[in-house]
Amino acid sequence: MEALAQRTFEDIKATLHKLGTDVVAPAAILVDQDARFPEEAFAAFREHQLLSTYIPQEFGGDGLSISQICELCRILGSYCGSTAMIFAMHQIQVACIVHHAGGSEYFRQFMARIHSEQLLLASATTEIGVGGDLRSSICHVDVADDGNFTLEKKAPVISYALNADAILVTCRTNAEAPASDQVQVVLNKGQYELEPISGWDTMGFRGTCSSGFVIKGTGHKDQIQPMPFSQILAHSMHPVSHLTWGSLWTGLAQGAVNKARQSVRDMMRRSNELPQITATRLAELDEVMFSMKGGLFSALEEYQDILDSGNLFRAEKYGFSIQVNNVKTRCSEMIVDIISRAMLIVGIGGYRNDGKYSLCRELRDAYGAALMVNNDRIRGHNATMQVAIRES
Amino acid sequence: MSMDRIRAIVAQTVKLSKDISDISDNDDLYSLGLTSLTTVNLMLSIEDEFDIEFDDNMLSRQTFESITSLAEAIDELQD
Ligand SMILES: Cc1cc2nc3c(=O)[nH]c(=O)nc-3n(C[C@H](O)[C@H](O)[C@H](O)COP(=O)(O)OP(=O)(O)OC[C@H]3O[C@@H](n4cnc5c(N)ncnc54)[C@H](O)[C@@H]3O)c2cc1C
């Protein structure tokens, strides 16, 4: 255990690659086929304490930077999109706590528990009636005089709700509060009931098991994040979501490019000849990949700089918000483009559901990227900010 | 004075959940009904009223979140 505390980022990456090859990739096919939670992957992540990589060292975690977390998401993305997505969604919730709740004794202990118990955190922001508008809630937290609260939310999509150890729920601060006056509340397993309202038989990201539930919970007011949700969203959830998602999509796309390259090599080995167009397509594919990574890395660098400066208010600037939104809209569309191009190179082997060059799961997963917080909605926000700014 | 002019613009451009007279200078306008869309309307009206132009650097939630923060921004731009 002590050795783990001192492991370097290189050690962590090596562990993740090993688990990717030995555990995550072999399970990916059945996880997708059966739309089931990637249990074996998360059992291995817990064993190797990978759920607390972003928890600061004072609470037992590795204290990695956001750039390093994004790199882990990217690595996982090349092995299994669903596993990577769950890992990323967990890290987003962890970041919201690490960045904003350090002043609360409850959350300090919670951070220590995320490490010692390797808790997996899920999120319920989407709500029936407001859809994907993160900044509006219908439900509210009802705090009684004794400090205990009740909370009920109709959530049409909560990824891995049944496998999580805690769910962070956004809601209005009280019964009278306007829709935008929100807080984020932690509900620990045992404190909530989940009443199923819809299943998750989807085209892709099937392993995320993002079914719908009415969640009914109780707890103590200490479990309410002290900072208004608007600020947690602007300073952390928004940038961290788009950057971790962009990273895992980049990994998923890179995995497809690698398959295409491998298939071209095999083609050459077999016939000693390569159609010129195939090599050209491979070169073009790498160009799109280059743009995808370039946009992601420049925004990531800026956010890392904001975090390092300690002034998270910089993340509220329109210029930065637009950039982070561009990461989401562009990466989520380029991933479909890249995997489609890879399929053209691989040919029928990529179109097959089986075989080592199959790109079907990757392509199906890729189509989900534009929908998780709909790109139209994000472009709507960008459109408004574009009117205000003078230069991008 | 400028506080009243700001209040008048806020009342005009933002669909507030309370009457403007019940809102204090430091209340968070975003939790009272200000949205990203209406922020732009608010910004443009203030630019017209005070004959100023907001610097890109000032374009963030923080600048628009309360009557006080708007007054500070206007002061800074008028200097
Ligand atoms: C794999 C995956 C996992 C997810 N996991 C979770 C999770 O764990 N927790 C969670 O809370 N949510 C989760 N979500 C939900 C996700 O984040 C979105 O909030 C949700 O998909 C939005 O649902 P919607 O498309 O029905 O609604 P909307 O976003 O409301 O979109 C519906 C339609 O309305 C249009 N539209 C609506 N409003 C606007 C607007 N203002 N501007 C422009 N267009 C608009 C859109 O273009 C679209 O056509 C997940 C989604 C996916 C795909």
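Under the annotation held in an unreviewed UniProt entry, chain A carries the name Acyl-CoA dehydrogenase and is attributed to Reinekea blandensis MED297.

> Can you tell me about the interface of chain B and chain A, naming the residues and giving the values?
It is common to give the size of an interface as the accessible area that goes away when the parts come together. Taken together, the contact between chain B and chain A spans 20 residues of the former and 17 residues of the latter. The contact between chain B and chain A buries some 1600 Å² in all, and 50% of this surface belongs to carbon and sulfur atoms. On the chain B side of the interface with chain A, the three residues burying the most area are B:Asp56, B:Leu59 and B:Arg61, jointly 32% of the side's total. Applying the counting rule to chain B against chain A returns two salt bridges. A:Arg390 is the salt-bridge partner of B:Glu53, the closest N and O atoms lying 3.5 Å from each other. When residues of the side of chain B that touches chain A are traced back to their parent elements, those giving at least two are helix H2 (36-50) and helix H3 (61-64) of chain B. Class assignment of the residues belonging to the side of chain B that touches chain A gives a composition of eight nonpolar, eight polar and four charged.

> Explain the site of the ligand to me, and be specific about the residues and the numbers.
All names here are of chain A. What surrounds the ligand is a group of 19 residues, the closest being Ser123, Thr125, Thr126, Ser159 and Arg377. Between the ligand and Ser159, the relevant distance is 2.7 Å, taken from a nitrogen atom to a side-chain nitrogen or oxygen of the residue. The side chain of Asp376 places a nitrogen or oxygen atom 3.0 Å from an oxygen atom of the ligand. About the coverage of the ligand: the protein hides 66% of its 960 Å² of free accessible area. Within the residue set of the shell around the ligand, elements represented by two or more residues are strand E1 (121-124) and helix H12 (375-388). Its residues assigned to classes, the shell around the ligand comprises nine nonpolar, eight polar and two charged. Inspection of the shell around the ligand shows a minimum of three residues originating in each of domain 2 (122-223) and domain 3 (229-388).

> Could you give me a rundown of the packing of aromatic side chains, with the residues and numbers involved?
How two aromatic rings sit relative to each other is set out by the distance from centre to centre and by the angle between their planes. All names here are of chain A. Under the counting rule described, the total for this entry stands at nine aromatic pairs over all chains. With 5.9 Å between their ring centres and 70 degrees between their planes, Phe45 and Phe87 make a pair best called edge-to-face. With Phe45 in helix H3 (residues 39-47) and Phe87 in helix H5 (residues 81-100), this residue pair connects regions lying 42 residues apart in the sequence. Grouping residues by exposure puts Phe45 and Phe87 together as buried.

Rules used in this analysis
Residues numbered from 1 in each chain as written. Chains lettered and ligands numbered in written order. Predicted model: local features only at pLDDT ≥ 70, side-chain atom pairs only at ≥ 80, totals over all residues. Heavy atoms only, no water. Contact = heavy atoms within 4.5 Å. Buried area = accessible area lost by both parts, 1.4 Å probe. Salt bridge = Lys/Arg side-chain N within 4 Å of Asp/Glu carboxyl O. Helix = DSSP H or I, 4+ residues; strand = E, 2+ residues; numbered from the N terminus. Nonpolar A, V, L, I, M, F, W, Y, C, P; charged D, E, K, R; others polar. Near = heavy atom within 4 Å. Polar contact = N/O pair within 3.5 Å; in protein donor to acceptor, adjacent residues only side chain to side chain. Areas by Shrake-Rupley, 256 points an atom, 1.4 Å probe, with all protein chains shown as cover. Domains from an automatic or database assignment. Phe/Tyr/Trp six-rings, centres within 6.5 Å; stacked < 30°, edge-to-face > 60°. Buried < 20%, exposed > 50% of the residue type's maximum accessible area, 1.4 Å probe, protein only.

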